[in-house]
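Residue strings, one per chain:
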Amino acid sequence: MRRSLQSYRQVSVDSEIAVASPHRIIQMMFEGALQRIAQSRYAIEHTDPATKGINIGKAIGIINGLNNSLNMDAGGEIAANVSALYDFMLRRLSEANINNDVQALVDVSDMLKTIKEGWDAIPEAQHHIVSHTEAV
């Protein structure tokens, strides 16, 4: 049953990505990272190191994807600052994984939520003209 539900969710996500705007894809990446961090925290609190490691690894992958999607040429100093923030988040996630550090997960989650709120606040009419770094 669990595997069927996971397969359904994956098909649903794949379908949404296929028709999503670049703006929506970035939103989905933020949502995915926040979900994986929450799952990692739950795993730490319930002494499940395998699930913790898997979900922290997925969150790291998503944040790397966000970092790689930055338009460094168009974004200038803002892009550089956001990239440095993503690098900091990646270090904190590694610390959380090594040390079972829930506070590190909370720190990263709080930072991601702040960036996501800014991203979500972009008016829909501007979604097609704003790149990842130009909006942050």
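Everything discussed here concerns the structure shown above.
Summary of the structure given here. Only a predicted model underlies this, so the values are computations on that prediction, with no experimental measurement involved. (Residues numbered from 1 in each chain as written. Predicted model: local features only at pLDDT ≥ 70, side-chain atom pairs only at ≥ 80, totals over all residues. Heavy atoms only, no water.)

Another point: the packing of helix α2 (residues 22-45) against helix α5 (residues 102-120). Axis separation between α2 and α5 bottoms out at 10 Å; the angle between their running directions is 160°. By the angle class used here, α2 and α5 are roughly antiparallel. Remark: the crossing between α2 and α5 carries left-handed chirality. From α2, H23, I26, Q27, F30, E31, A33, L34, I37, S40, R41, I44 and E45 reach across to α5, where they touch V102, L105, V106, V108, S109, L112, K113, I115, K116, W119 and D120. The class makeup of the residues in the contact of α2 with α5 is 13 nonpolar, four polar and six charged. (Axes fitted to C-alpha atoms, helices over the stretch in contact; angles between N-to-C directions. Helix = DSSP H or I, 4+ residues; strand = E, 2+ residues; numbered from the N terminus. Parallel < 35°, antiparallel > 145°, perpendicular 65-115°, else oblique. Left-handed = near helix turned anticlockwise from the far one by under 90°. Contact = heavy atoms within 4.5 Å. Nonpolar A, V, L, I, M, F, W, Y, C, P; charged D, E, K, R; others polar.)

Let's shift gears to the nonpolar core. Ranked by size, the top nonpolar core spans 26 residues in total, and within it F30, I63, Y86, M89, L93, V108 and L112 carry the most contacts. At the level of elements, α2, α3 (49-68), α4 (72-99) and α5 are the ones that each hand at least two residues to this core. Among the elements that line this core, the one with the most residues is α5, at seven residues. Residues contacting I63, with those up to four places away along its chain left out, are A33, Y86, M89, L90, L93, V108 and L112. (Core = buried A, V, L, I, M, F, W, Y, C linked by side-chain atoms within 4.5 Å. Buried < 20%, exposed > 50% of the residue type's maximum accessible area, 1.4 Å probe, protein only.)

If you check α2, its first and last C-alpha atoms are 35 Å apart, about what 24 residues at 1.5 Å a residue would give, namely 34 Å. Turning to α2, its buried residues number three or more, namely H23, I26, Q27, M28, F30, G32, A33, L34, I37, S40, A43 and I44. Of the residues flanking the end of α2, it is T47, one or two places downstream, whose phi is positive at about 50°. (Expected span 1.5 Å × (residues − 1).)

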